[in-house]
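Coordinates in review
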Amino acid sequence: MTQLQNNIDETNQTTGLDVGIPTEESITLEPMHRHHHRRKVSKVTSNGTIIYEKRKKKKHHRKKWSKKKKILIGILIFLLSLILIAASTFFIMRYLGKKEFLNQNKNAKIRTYKDTYSYDDGRVVYYNGKKYVFNENMVSVVFLGIDRSELGTEEIGNAGQSDAIYIFSYDSKTGKCYVIPVSRETMTDVRLFSSEGKELGIEKMQLCLAYGYGNGKDTSCENTLASLSDIFYNIPFSTYLALNWDGIGPLNDLSGGVTLTALEDISTEYSNFTKGQPLVLKGRDAWSYVKYRNISKLESNNDRIARQKQYLKAYISQMIPKARSDFSTVSKLYNTANQYMYTNFSYNQAIYSASAILPDLYSSKDVEFVSIPGKIKQGKVHAEFYPNEQKLYEAILKVFYLEDME
């Protein structure tokens, strides 16, 4: 019996308590010297030896977190790749759209006014002591307003007429925009075709009639552009957008109503306006205002062009701020017009037009309207418009050429 056991027996006899011998399993001391032995548990063996045991450390989920990070990084890289691909695709399509527009200028063989000296197929001309160089940066689109509810529903010769003809030209380098209204009554050479599409020859007639000698879609537009190019000394036009008259109201109403003052008295089946009357045009009223023509007056088409110019300026001024603040407006315009139009616009050209031209426009003040003066005569059946050739050529130099200052 050890001394420790004798002491315990004496204690038991004195107190009547049974104090057993402490064993390794029954004695556990609190951690000692916490400031020196952190996270350790001590035990005392039966012979009084103190044993320190390290506490188990909490496991860190490094591998799990590492996997999550890899997944997140992978997702971010994938999304970034999509954004880069989309951006690259957008700029490629925009570049291709611009190139498609400018390609129409490559093979131009432009005529000149009277004895004006020129060379390089009319790309360089000398006029009134000045040198002009054809502007290869011009993007041109011809807009045709057709007097039909549907396009392409009639046979050749009866496909309708282009009541409104506007040339939109944009300098892709400077951002300058021009709009040239062309009278539907302008006398020019028109290529005639039979109902089977056989070419019958050329006849001098109103420009608006060229559309009728086609299928109401592509051949009608191409025939009109060919005659229009003849009028403009062979300036090349190949991109077009034809809109039937039912599209006027829906496109107008995207603006919320076009505000202007009536330029003349107008009375139609749907609307009545008094000269000087303030108007907010909606639906059929817009249709009446831009379509109406008093055929009893020789100057009626010129009066209509004046109203159309007024309307376009008001419409542009209202729609551009909408489009700049909400790009979906461009999509709404396109989707609405698409129900009533026929065009040879490619998707690339549409991307270029929306992304390059729109940022250069803030209001109608950024669009210069260029008028072609001339004389109107009463023909055997219809009014005939003959442009002043000198003024027409000067307008061509202003829009499609650059003055060489060297």
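Residues numbered from 1 in each chain as written. Predicted model: local features only at pLDDT ≥ 70, side-chain atom pairs only at ≥ 80, totals over all residues. Heavy atoms only, no water.

A few points about the pattern of salt bridges
Put simply, the rule is: Between Lys or Arg on one side and Asp or Glu on the other, a salt bridge is scored when a side-chain nitrogen of the former is within 4 Å of a carboxyl oxygen of the latter. A helix here means a DSSP run of H or I that spans at least four residues, while a strand means a run of E at least two residues long, and both kinds are numbered starting from the N terminus. Think of it in three bands: residues with accessible area under 20% of the maximum for their type are buried, residues over 50% are exposed, and the middle band is partly exposed, with areas taken using a 1.4 Å probe on protein chains only.
For the structure shown, the criterion picks out 13 salt bridges. Lys131 is paired through a salt bridge with Asp404; the nearest N and O atoms lie 3.3 Å apart. With Lys131 in strand S6 (residues 130-134) and Asp404 in strand S21 (residues 401-404), this residue pair connects regions lying 273 residues apart in the sequence. A relative accessible area of 24% means that Lys131 is categorised as partly exposed. The closest approach of N and O atoms between Arg304 and Asp163, which form a salt bridge, is 3.7 Å. Note that Arg304 is positioned in helix H6 (residues 300-325) and Asp163 in strand S8 (residues 162-171), a separation of 141 residues in sequence. Accessibility classification places Arg304 together with Asp163 in one group, the buried group. Ionic contacts of the salt-bridge type, sharing partners, join the residues Asp163, Arg184, Lys291 and Arg304 into one network.

Examining the packing of aromatic side chains
How two aromatic rings sit relative to each other is set out by the distance from centre to centre and by the angle between their planes. Put simply, the test is: In this analysis, rings of Phe, Tyr and Trp, with Trp reduced to its six-membered ring, are considered paired at centre separations within 6.5 Å, and the interplanar angle assigns stacked below 30 degrees, edge-to-face beyond 60, and tilted for intermediate values. The rule for a charge over a ring is simple: NZ of Lys or CZ of Arg within 6 Å of the ring centre, and within 35 degrees of the ring normal.
On inspection of all chains with the given rule, the structure shows 13 aromatic pairs. Connected via pairs of aromatic rings, a cluster forms that spans Tyr113, Tyr127, Tyr233 and Tyr393. Positioned above the aromatic ring of Tyr233, the side-chain terminus of Arg111 is 4.9 Å from the ring centre. Above the plane of the ring of Tyr289 lies Arg307, whose end atom (NZ or CZ) is 5.7 Å from the centre.

A few points about the pairing of S6
Spelled out, the test is: Two strands qualify as a pair provided DSSP detects at least 2 bridges between them.
Sheet analysis places strand S5 (residues 124-127) next to S6, joined by four bridges and oriented antiparallel. Bridge pairing links Tyr127 to Lys130 in S6. Once S5 ends, the chain turns through two residues before running back antiparallel as S6, passing Asn128 with a positive phi of about 50 degrees. Sheet topology note: the S6/S21 ladder contains four bridges and is antiparallel. Of the residues in S21, the one forming a bridge with Val133 is Leu402.

Concerning the packing of H6 against helix H7 (residues 328-337)
For clarity, the cut-off: To obtain an axis, a line is fitted to C-alpha atoms, over the contacting stretch when the element is a helix, and the angle between two such axes runs from 0 to 180 degrees between their N-to-C directions. To sort the angles, those under 35 degrees are grouped as roughly parallel, those over 145 as roughly antiparallel, those from 65 to 115 as roughly perpendicular, and the leftovers as oblique. We call two residues in contact whenever any of their non-hydrogen atoms come within 4.5 Å of each other. Under the convention adopted here, Pro, Cys and the residues Ala, Val, Leu, Ile, Met, Phe, Trp and Tyr are nonpolar, Asp, Glu, Lys and Arg are charged, and Gly plus all remaining residues are polar.
Running from N to C, H6 and H7 cross one another at 125 degrees; their axes reach a closest spacing of 7 Å. It follows that H6 is oblique to H7 by the angle criterion. Taking contact as the criterion, the partners of Tyr315, Met319, Lys322 and Ala323 in H6 are, on H7, Thr329, Val330 and Leu333. Residue composition of the contact of H6 with H7, grouped by class: five nonpolar, one polar and one charged.

Thoughts on the layout of surface pockets
Worth spelling out the cut-off: Cavity and pocket criteria rest on a 1 Å grid covering protein atoms alone: a 1.4 Å probe that fits but cannot get out defines a cavity, protein on both sides within 12 Å along at least 5 of 7 lines defines an open pocket, and an atom within 4 Å of a point defines a lining residue. Grid points are joined across faces, edges and corners, and a volume is the space filled by probe spheres set on the points.
The volume enclosed by the second largest pocket comes to roughly 240 Å³. Along its surface, the second largest pocket is lined by 15 residues, and Glu185, Arg293, Val381, His382 and Ala383 are the ones closest to its centre. Here the residues of the lining of the second largest pocket are counted per class, giving five nonpolar, six polar and four charged.

Observations concerning helix H5 (residues 284-291)
Within H5, six of the eight residues are buried, which leaves the element mostly enclosed by the surrounding structure. Within H5 the residues assigned to the buried category are Ala286, Trp287, Ser288, Tyr289, Val290 and Lys291.

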